[in-house]
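For reference, the chains in residue letters:
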Amino acid sequence: MENKTDFQYPHTFVLLGASGDLAKKKIYPTLWYLFRDHLLPKNTKFIGYARTKQTVAEVKEKTIKYMKVRPGEEETLKAFWDANDYVAGSYDKRIDYELLNQEISKHEKGPLANRIFYLAVPPTVFEDVTINIRNACIALKGYSRVIIEKPFGRDDESSEKLSDHLARLFKEEQIYRIDHYLGKEMVQNLMTIRFANQIFSPSWNRENIASVLISFKEPFGTEGRGGYFDSFGILRDVMQNHLLQILSLVAMEKPVTLNPNDIRDEKVKVLRHIKPIELKDILVGQYVGNPDGKGEETQGYLDDPTVPKDSVTPTYALAAVYINNSRWEGVPFILRCGKALNERKAEVRIQYKDVPGDIFEGETKRNELVIRVQPGEALYLKLMCKSPGMKFDLMETELDLTYSLRYKETDVPDAYERLILDVFTGTQMHFVRNDELKEAWRIFTPVLKQLENERFKPVPYVYGSRGPPEADERLAQYDFKYSGSYKWQKPTLG
Ligand SMILES: NC(=O)C1=CN([C@@H]2O[C@H](COP(=O)(O)OP(=O)(O)OC[C@H]3O[C@@H](n4cnc5c(N)ncnc54)[C@H](OP(=O)(O)O)[C@@H]3O)[C@@H](O)[C@H]2O)C=CC1
Ligand SMILES: O=C1O[C@H](COP(=O)(O)O)[C@@H](O)[C@H](O)[C@H]1O
């Protein structure tokens, strides 16, 4: 019953875990934007499902502050809430899902009707929910697609168990594993930058590139919600998924076609060339309060009341990953992520090698191609020029594509909007395939186990800093050169 994506037929989007944080802050607002922009099938119904007994009006009351509503959109908003329903039920009793099924069926007039199930539920109820969907709620006259959110296990074994469980219930083409970084504009742009530009393709290799730095930084800590985080840590929360996904798009070979499976075949292939990360190639950190800071900044990770006082969970990590193939052998891919740092930033830095046979008396700096994912999408290439005017001095400058300046009229959609729309259209290009996940855990599980078994002590770094001072030494060790001499002149609007 796959591939019946015809938008004229009824579609039902069931949001399981509708009373939770993700639903409230992300999924309901996303559904609203897609509905508002007429991107969904006309006849789409939304059904929230959770244990909490509440009405649609109550769901609306809780979620409305997270939804942007522009003047003049009030009627469309009313139509959105009219298309919503809510069913209260347990996660583990089949009878409740049979009632949910009856509710969905009411809306499914005609020969064809499709169903999408979004699992915004904690991992503890994941198995029950999927079994009950399979047993009581599968579409009889259309497709059923299931969207799942991480964590996809916590190591190779638990992830495989989960994958086997899902494989017994659904076909791979029914499963949409969300890594929301794959929905971000500049992450989706990576393939275009690489494979639609002859200028980059020939130099994208070990002959020209010294190192690749992929960073994620957040300026806030766990803020009293460290309970979940503490059992996962930054390696599982960000590095094993978001950063590794970016790495595979930066490093993979050109796919045969743009077919999702051709792309994912290449992503898996490049991951298979990576050996498990070794302890010597990883630096882990944990933030401490900043005595000179304000409010939250004064609180270290261990001050969070939901975190065990002796926790050794990393809130920062830097790891060097090597790809053992002819394109990349010897080039460090540095993955770096952390919470409670000095800024919010996600970016990729492709740092080119020093110019051989330099005739400029050591003045030349390395070229760097920066793909800034957030905030403020941008692509810029740092390069050397003659300083303008009579002088013959060298100058560091850039070719700069800042999205907010170049594409003033274009709204960059949120990652979840793209991804949920992809599920309606049946495009799996930006979702994680089972074998990608398996490879990701193969690379990370040994070092995670070693860190945990040895209760490896993370190095402290101050809330609001750039991370542990040792991290810059590591960057230098992995052939990422920072000169500190580059100055960017922000273009003025107009
Ligand atoms: N289109 C645009 O919007 C453009 C914006 N810019 C902006 O100009 C500014 C400078 O450009 P940028 O590309 O960052 O170039 P820089 O070479 O100045 O800085 C690169 C990065 O190096 C890191 N760094 C700082 N100190 C050290 C150190 N001691 N050792 C190693 N790394 C260090 C910092 O990031 P970290 O703390 O993460 O390590 C810094 O952001 C940035 O704010 C950038 O966003 C520049 C060009 C275009
Ligand atoms: O998956 C996660 O991502 C968020 C950061 O997402 P972003 O889109 O705001 O960059 C992070 O805060 C969270 O810890 C992690 O689980």
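Residues numbered from 1 in each chain as written. Chains lettered and ligands numbered in written order. Predicted model: local features only at pLDDT ≥ 70, side-chain atom pairs only at ≥ 80, totals over all residues. Heavy atoms only, no water.

Caption draft 1: The arrangement of the overall build of the protein chain in detail. Each helix and strand in the protein chain was counted, giving 13 helices and 15 strands. Expected size for 494 residues packed as a compact globule is a radius of gyration near 23 Å; at 24 Å, the protein chain falls within 12% of this value. Dimensions of the protein chain along its principal axes, counting C-alpha atoms only, are 75 × 50 × 45 Å. Relative to its 494 residues, the protein chain shows a buried fraction of 53%. Taking all contacts inside the protein chain whose residues are at least 6 apart in sequence as the whole, residues at least 24 apart take part in 79%. Accessible area for the protein chain stands at about 23300 Å²; split by element, carbon and sulfur atoms hold 52% of it. Computed over 71 positive and 72 negative side-chain charges, the separation of the two mean positions in the protein chain equals 2 Å. (Helix = DSSP H or I, 4+ residues; strand = E, 2+ residues; numbered from the N terminus. Rg over C-alpha atoms; globule rule 2.2 N^0.38 Å. Buried < 20%, exposed > 50% of the residue type's maximum accessible area, 1.4 Å probe, protein only. Contact = heavy atoms within 4.5 Å. Areas by Shrake-Rupley, 256 points an atom, 1.4 Å probe, with all protein chains shown as cover. Lys, Arg positive; Asp, Glu negative; His and termini not counted. Charge placed at Lys NZ, Arg CZ, Asp CG, Glu CD.)

Caption draft 2: Expanded view of the packing of helix H7 (residues 185–195) against helix H8 (residues 226–251). Taken N-terminus to C-terminus, the directions of H7 and H8 make an angle of 10 degrees; their axes are 9 Å apart at the nearest point. With respect to H8, the axis of H7 lies roughly parallel. Pair H7 / H8 crosses with right-handed handedness. When H7 is examined against H8, the residues Val-187, Leu-190, Met-191 and Arg-194 are found in contact with a partner set consisting of Ile-246, Leu-249, Val-250 and Ala-251. Grouping the constituent residues of the contact of H7 with H8 by class yields seven nonpolar, no polar and one charged. (Axes fitted to C-alpha atoms, helices over the stretch in contact; angles between N-to-C directions. Parallel < 35°, antiparallel > 145°, perpendicular 65-115°, else oblique. Left-handed = near helix turned anticlockwise from the far one by under 90°. Nonpolar A, V, L, I, M, F, W, Y, C, P; charged D, E, K, R; others polar.)

Caption draft 3: Region of interest: helix H13 (residues 470–477). Residues Ala-471, Arg-474 and Leu-475 constitute the buried set of H13. Projection of H13 onto a plane perpendicular to its axis shows the buried side chains occupying an angular sector of 105 degrees, all on one side. Opposite the packed face of H13, turned more than 90 degrees from it, sit the exposed residues Glu-473, Ala-476 and Gln-477. In the core, the buried residues of H13 are packed alongside strand S7 (209–217), strand S8 (282–288), strand S9 (316–321) and strand S10 (333–338). (Arc of directions from axis to C-beta.)

Caption draft 4: Seen up close, a nonpolar patch on the surface. Judged by side-chain polarity, Ile-359, Phe-360 and Phe-392 come together as a nonpolar surface patch covering roughly 370 Å² of accessible area. Tracing the backbone through its elements, the reader meets Ile-359 in the loop between strand S11 (345–352) and strand S12 (368–374). (Patch = residues over 30% accessible without salt bridge, like charges linked within 9 Å, V, L, I, M, F, W, Y side chains within 5 Å. Salt bridge = Lys/Arg side-chain N within 4 Å of Asp/Glu carboxyl O.)

Caption draft 5: Focus on the sheet that holds strand S5 (residues 144–149). The strand order across the open sheet built from six strands is S3-S2-S1-S4-S5-S6, with neighbouring strands paired in parallel fashion. The outermost strands of the open sheet, each flanked by one partner alone, are strand S3 (84–88) and strand S6 (175–178). Neighbour to neighbour, the strand axes of the sheet diverge by 20 degrees on average, direction disregarded. The sheet strands contacting helix H4 (residues 94–106) are strand S1 (11–16), strand S2 (44–50), S3 and strand S4 (114–119), and the helix crosses S2 at an angle near 165 degrees. (Pairing = 2+ DSSP bridges.)

Caption draft 6: Structural view of the sheet that holds S7. Here nine strands make up an open sheet; going across it, the order is S14-S13-S12-S11-S7-S10-S9-S8-S15 and the pairing mixed. The sheet is open, and its two edges are formed by strand S14 (394–402) and strand S15 (459–462), each paired on a single side. Each neighbouring strand pair of the sheet contributes to a mean axis angle of 20 degrees, computed without reference to strand direction. Across six bridges, S11 lies against S12 in antiparallel orientation. Residue pairing for S12: Ala-346 is matched across the bridge by Gln-374. Seen against the sheet, H7 touches S12 and strand S13 (378–386) and runs at an angle of roughly 145 degrees to S12. This element, H8, spans S7, S8, S9, S10 and S11 of the sheet and lies at about 145 degrees to S10.

Caption draft 7: Local environment of the confidence of the model for the protein chain. For the protein chain, per-residue confidence averages 96 on the pLDDT scale, and 99% of positions sit at 70 or higher. Across the whole predicted complex the pTM is 0.96, and at the interface the ipTM reaches 0.95. (pLDDT = per-residue confidence, 0-100.)

Caption draft 8: Summary view of the environment of Leu-235. The residue Leu-235 is located in helix H8 in this model. Using a relative accessible area of 2% as the deciding quantity, one classes Leu-235 as buried. For the pair Leu-235 and Ala-317, spaced 82 residues apart in sequence, the C-alpha separation works out to 6.7 Å.

Caption draft 9: How the structure looks around the packing of aromatic side chains. What the rule picks out here adds up to 21 aromatic pairs. Centre to centre, the rings of Tyr-28 and Trp-81 are 5.9 Å apart; their planes meet at 35 degrees, and the pair counts as tilted. Here the residue Tyr-28 occupies a position in helix H1 (residues 21–36), and Trp-81 occupies one in helix H3 (residues 74–82), the gap between them amounting to 53 residues. Across the pair, exposure class does not vary: Tyr-28 and Trp-81 are buried alike. Ring centres 4.7 Å apart and planes at 25 degrees place the aromatic pair Tyr-228 and Phe-232 in the stacked group. Linking Tyr-228 with Phe-232, this pair stays in helix H8, spanning four residues, or about one helical turn. In this structure an aromatic cluster arises from ring pairing among Tyr-28, Trp-32, Phe-35, Phe-46, Phe-80 and Trp-81. The ring of Tyr-486 has Lys-382 sitting right over it, with the charged end atom 4.5 Å from the ring centre. (Phe/Tyr/Trp six-rings, centres within 6.5 Å; stacked < 30°, edge-to-face > 60°. Lys NZ or Arg CZ within 6 Å of the ring centre and 35° of its normal.)

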